[in-house]
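Descriptive structure summary
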Amino acid sequence: QVQFVESGGGLVQPGGSLRLSCAASGSIFSTYAMGWYRRAPGKQRELVARISAGTGGNTDYADSVRGRFTISRDNAKNTVYLQMNSLRPEDTAIYYCNTRYGNYPWGQGTQVTVSS
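Presented here is an overview of the structure given in this document. (Residues numbered from 1 in each chain as written. Predicted model: local features only at pLDDT ≥ 70, side-chain atom pairs only at ≥ 80, totals over all residues. Heavy atoms only, no water.)

**Topic: the packing of aromatic side chains**
- The tally for this structure, following the rule as stated, stands at three aromatic pairs.
- Taking 4.9 Å as the distance between ring centres and 90 degrees as the angle between the ring planes, the aromatic pair formed by Tyr 37 and Trp 106 counts as edge-to-face. Of the two residues, Tyr 37 is situated in strand S4 (residues 34–39) and Trp 106 in the loop between strand S9 (93–99) and strand S10 (110–114); the sequence distance between them amounts to 69 residues.
- Residue class for Tyr 37 comes out buried when judged on its relative accessible area of 8%.
- With a centroid separation of 5.9 Å and 80 degrees between ring planes, the pair formed by Tyr 96 and Trp 106 is classed as edge-to-face. Taken as a pair, Tyr 96 in strand S9 and Trp 106 in the loop between S9 and S10 lie far apart in primary sequence, ten residues in all.
- A relative accessible area of 4% means that Tyr 96 is categorised as buried. (Phe/Tyr/Trp six-rings, centres within 6.5 Å; stacked < 30°, edge-to-face > 60°. Helix = DSSP H or I, 4+ residues; strand = E, 2+ residues; numbered from the N terminus. Buried < 20%, exposed > 50% of the residue type's maximum accessible area, 1.4 Å probe, protein only.)

**Describing the side chain of Asp 91**
- Position of Asp 91 relative to the elements: it lies in the loop between strand S8 (79–84) and S9.
- A polar side-chain atom of Asp 91 sits 2.9 Å from a polar atom in the side chain of Arg 38.
- Polar side-chain contacts of Asp 91 include one of 2.7 Å to the side chain of Arg 68.
- Setting aside anything within four residues of it in sequence, one finds Asp 91 in contact with Arg 38, Val 65, Arg 68, Phe 69, Ser 86, Val 112 and Val 114. (Polar contact = N/O pair within 3.5 Å; in protein donor to acceptor, adjacent residues only side chain to side chain. Contact = heavy atoms within 4.5 Å.)

**Re the sheet that holds S8**
- Spatial ordering of the open sheet is given by S1-S3-S8-S7, a layout of four strands whose pairing is antiparallel. Only two strands of the sheet have a single partner each, and these edge strands are strand S1 (4–7) and strand S7 (69–74). Taking each pair of neighbouring strands and ignoring which way they run, the sheet shows an average axis angle of 15 degrees.
- Across six bridges, strand S3 (residues 18–24) lies against S8 in antiparallel orientation. Paired with Leu 18 across the bridge in S8 is Met 84. (Pairing = 2+ DSSP bridges. Axes fitted to C-alpha atoms, helices over the stretch in contact; angles between N-to-C directions.)

**Some remarks on the nonpolar core**
- One finds Trp 36, Val 80, Leu 82, Met 84 and Tyr 95 to be the most contacted residues of the largest nonpolar core, which totals 30 residues.
- Secondary-structure elements contributing two or more residues to this core are S3, S4, strand S5 (46–51), S7, S8, S9 and S10.
- If you tally residues by element for this core, the top one is S3, at four residues.
- Not counting the four nearest positions on each side in its chain, Leu 82 is found in contact with Leu 18, Arg 19, Leu 20, Trp 36, Ala 49, Phe 69, Thr 70, Ile 71 and Tyr 95. (Core = buried A, V, L, I, M, F, W, Y, C linked by side-chain atoms within 4.5 Å.)

**Structural notes on the sheet that holds strand S2 (residues 10–12)**
- Reading across the sheet, the six strands line up as S2-S10-S9-S4-S5-S6 and stay open at both edges, with mixed pairing between neighbours. Edge positions in the open sheet fall to S2 and strand S6 (59–61), since each of these has one partner strand only. Adjacent strand axes in the sheet meet at a mean angle of 25 degrees, parallel and antiparallel pairs treated alike.
- Looking at chain direction, S2 and S10 are connected through three bridges and run parallel. Following the sheet pairing, Gly 10 is matched in S10 by Val 112.

Next comes the structure, spelled out in structure tokens:
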């Protein structure tokens, strides 16, 4: 069973930055394409960024975050990151990581609040 622990969220002003981390258990982390998801109040969970398995040479982003967010991975640390720049109030949500297709139980997530 794979488990995820997200961290790095917080309160930030519009235009600010945050770096989220997701530590995954299990020895086969590098074989999975990974994704960062978010769930805003009153909305369904959505995929905002994904990264390919292995070296993570391929990434893709939701239109709403493209050019502002960057996903990366460190397989030696079983960790996937999300660098978030130029944050907007509409980025306020709980952020989660999982495999690209959400194969495993969801973690607690990390709250990101963008507000002045």
